[in-house]
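# Tertiary structure, described
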Amino acid sequence: MNRVFLSSIFFLSIISGKLGAQPLAIGQWRTELTYRNALSVTASDNKVYCATELTFYSVDLTDGSMEPYTKVTGLSDVKTTLLAYDKSHDLLMVCYYNSNIDIIKDGVITNISDIKRKNIVGDKAIYCVYFLGDYAYLGCGFGIVVLDLLKNEIKDTYYIGPNGTNLQVNGITSDADYLYAATTSGLYRGSLSDPFLADFSRWHLFTSEEGSFPGNYTNAVTYQNVVLASKKDTVFQFTNNAWSPYYVRAGLDVKKMHAFPDQLIITHIGSAGARTTVLHANGEMDSISVPQPLEAISAGGDIWIADLYNG
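Remember, predicted model here, so these are calculated numbers, not experimental data.

Cut-off values and rules
Residues numbered from 1 in each chain as written. Predicted model: local features only at pLDDT ≥ 70, side-chain atom pairs only at ≥ 80, totals over all residues. Heavy atoms only, no water. Buried < 20%, exposed > 50% of the residue type's maximum accessible area, 1.4 Å probe, protein only. Helix = DSSP H or I, 4+ residues; strand = E, 2+ residues; numbered from the N terminus. Pairing = 2+ DSSP bridges. 1 Å grid on protein atoms, 1.4 Å probe; cavity = no way out; pocket = protein on both sides within 12 Å on 5 of 7 lines; lining within 4 Å. Points joined across faces, edges and corners; volume = space filled by probe spheres on them. Nonpolar A, V, L, I, M, F, W, Y, C, P; charged D, E, K, R; others polar. Axes fitted to C-alpha atoms, helices over the stretch in contact; angles between N-to-C directions. Core = buried A, V, L, I, M, F, W, Y, C linked by side-chain atoms within 4.5 Å. Contact = heavy atoms within 4.5 Å. Phe/Tyr/Trp six-rings, centres within 6.5 Å; stacked < 30°, edge-to-face > 60°. Lys NZ or Arg CZ within 6 Å of the ring centre and 35° of its normal. pLDDT = per-residue confidence, 0-100. Salt bridge = Lys/Arg side-chain N within 4 Å of Asp/Glu carboxyl O.

## Concerning the pairing of strand β15 (residues 186-191)
- Counting buried residues in β15 gives six out of six residues, a clear majority hidden from the surface.
- Judged from the six bridges that link them, strand β14 (residues 178-183) and β15 form a sheet pairing that is antiparallel. Bridging across to β15, Leu179 finds its partner in Gly190.
- As consecutive antiparallel partners, β14 and β15 are separated by two residues.
- For β15 and strand β16 (residues 204-205), the ladder comprises two bridges, and the chain directions are antiparallel. Bridge pairing in β16 links Arg189 to His204.

## Some details on the layout of surface pockets
- Within this model, the largest pocket holds a volume of roughly 1,000 Å³.
- In terms of lining, the largest pocket is formed by 37 residues, of which the most central are Tyr85, Val129, Tyr130, His258 and Ala259.
- Mapped by element, the contributors of at least two residues to the lining of the largest pocket are β1 (38-43), β5 (80-86), β9 (126-132), β13 (169-174), β17 (219-223), β21 (254-260) and β25 (293-299).
- Of the residues belonging to the lining of the largest pocket, the class tally is 20 nonpolar, 12 polar and five charged.
- Considering only enclosed or pocket space, the second largest pocket measures out at about 570 Å³ in volume.
- Every residue lining the second largest pocket is counted, 21 residues in all, and those nearest its centre are Thr81, Ile126, Tyr127, Lys255 and Lys256.
- At the level of secondary structure, the elements contributing two or more residues to the lining of the second largest pocket comprise β1, β5, β9, β21 and β25.
- The element that contributes the greatest number of residues to the lining of the second largest pocket is β21, accounting for three residues.
- Of the residues that constitute the lining of the second largest pocket, the class distribution is 10 nonpolar, eight polar and three charged.

## Details of the sheet that holds strand β19 (residues 234-239)
- Strand order in the open sheet made by the four strands is β17-β18-β19-β20, with antiparallel pairing throughout. Strands at the two margins of the open sheet, each flanked by one partner only, are β17 and β20 (242-248). Pairs of neighbouring strands in the sheet enclose a mean axial angle of 30°, with direction left out of account.
- Sheet topology note: the strand β18 (residues 226-231)/β19 ladder contains five bridges and is antiparallel. In the sheet register, Lys231 faces β19, and the bridge partner there is Thr234.

## Points about the nonpolar core
- Met93, Ile101, Ile126, Val129, Leu138 and Leu147 are the most contacted members of the largest nonpolar core, which totals 20 residues.
- Apart from residues no more than four positions distant in its own chain, Leu147 is found in contact with Met93, Ile101, Ile103, Ile112, Asp134, Tyr135, Ala136, Leu138, Glu153, Ile154 and Lys155.
- In this structure, Ile144, Val146, Leu167 and Ala181 belong to the second largest nonpolar core, which totals 15 residues.

## Focus on the sheet that holds β14
- Across the sheet, which stays open at both edges, the four strands sit in the order β13-β14-β15-β16 with antiparallel pairing between neighbours. Each end of this open sheet is capped by a strand with a single partner; those strands are β13 and β16.
- Relative to β14, β13 is paired through five bridges, and the arrangement is antiparallel. The residue bridging Thr173 from the neighbouring strand is Tyr180, located in β14.

## Section: the packing of aromatic side chains
- Applying the stated criterion across every chain, the model contains 14 aromatic pairs.
- Ring geometry for Tyr217 and Phe236: centres 6.3 Å apart, planes at 55°, overall tilted. Taken together, the positions of Tyr217 in the loop between β16 and β17 and Phe236 in strand β19 put the pair 19 residues apart, joining distant regions of the chain. The burial state of Tyr217 is the same as that of Phe236; both residues are buried.
- Among the aromatic side chains, those forming a connected cluster through ring pairs are Tyr178, Tyr180, Phe206, Phe238 and Trp243.
- Across the ring face of Tyr178, the terminal group of Arg189 is positioned such that the distance to the ring centre comes to 3.9 Å.

## Observations regarding the confidence of the model for the protein chain
- Scored by pLDDT, the protein chain comes out at a mean of 91, with 89% of its residues at no less than 70.
- Counting interchain partners and residues more than four positions distant, the pLDDT-below-50 stretch residues 1-22 has 41 contacts.

## Some words on the pattern of salt bridges
- Taken as a whole and judged by the stated rule, the model has five salt bridges.
- With its nearest N and O atoms 3.2 Å apart, the salt bridge here joins Glu67 to Lys47. A residue pair is termed long-range when its members are at least 10 positions apart, and Glu67 in strand β4 (residues 66-69) and Lys47 in strand β2 (residues 47-52) qualify at 20 residues.
- Judged by its relative accessible area of 36%, Glu67 falls in the partly exposed class.
- Its salt-bridge partner being Asp114, residue Arg117 comes within 3.9 Å of it at the nearest N-O pair. Linking Arg117 with Asp114, this pair stays in helix α2 (residues 114-117), spanning three residues, or about one helical turn.

Now the structure itself:
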């Protein structure tokens, strides 16, 4: 537990140490950023990336050096809300408040503004990103957008709500055969081999007979070959064609989950307080207390937490 706790403090101490401003020469300009109000965190093999209310920055895992990313450095927009790194394609996806997207690969920034520009009635926000093969599946306020990572273009859009209506998708995962979607109305599944997933009728809404009840499901991940989904303070598992409770922390609603080879990391915010839970494959558990943990990951042997108040 000490290592996990101290790594979180280390992340915050890096941020605090960088807040001191350096003097500018006459004629120079500097972009002033806030490193608090962290919203999202992700990592490559050598860097951790953290999104704040205004933009995002990276922390080098080797020397702890920080690098800010802004419109001055080439970004297409401001107000980053979600970051996701795909190690198989070595790219960083940057999602903005207005649904604009930047993809950063090999130092080149490619803007994908289709969702931002699309005339959609209602919520267009991007709530999750799931990488699978050469595609990124984006859970949005209206459904699922499939983005081709090789062509940097939108391949398809799935409106999976009743009669093809808009439905907010909070989490996406797969078990190699199916896509699973955690939505505000329940859990859905569609076959990856089905070429007609754009047809809402091809998606199966799990029923109470299958252990899935109506309501807001906040996440979906696959951990050690088992599909998991969260609702309020409970994480459910899909085994033997049915959903059943996997892990519960009473009064601590699940905010975000991330699965790693030997760890499941969960951030909670609820009536009982706020915690980051690390479930280890060997059965051990770490519980980290921070004010408002929105997302947490494992990188470089440590746990990195994006906290709304502390960075």
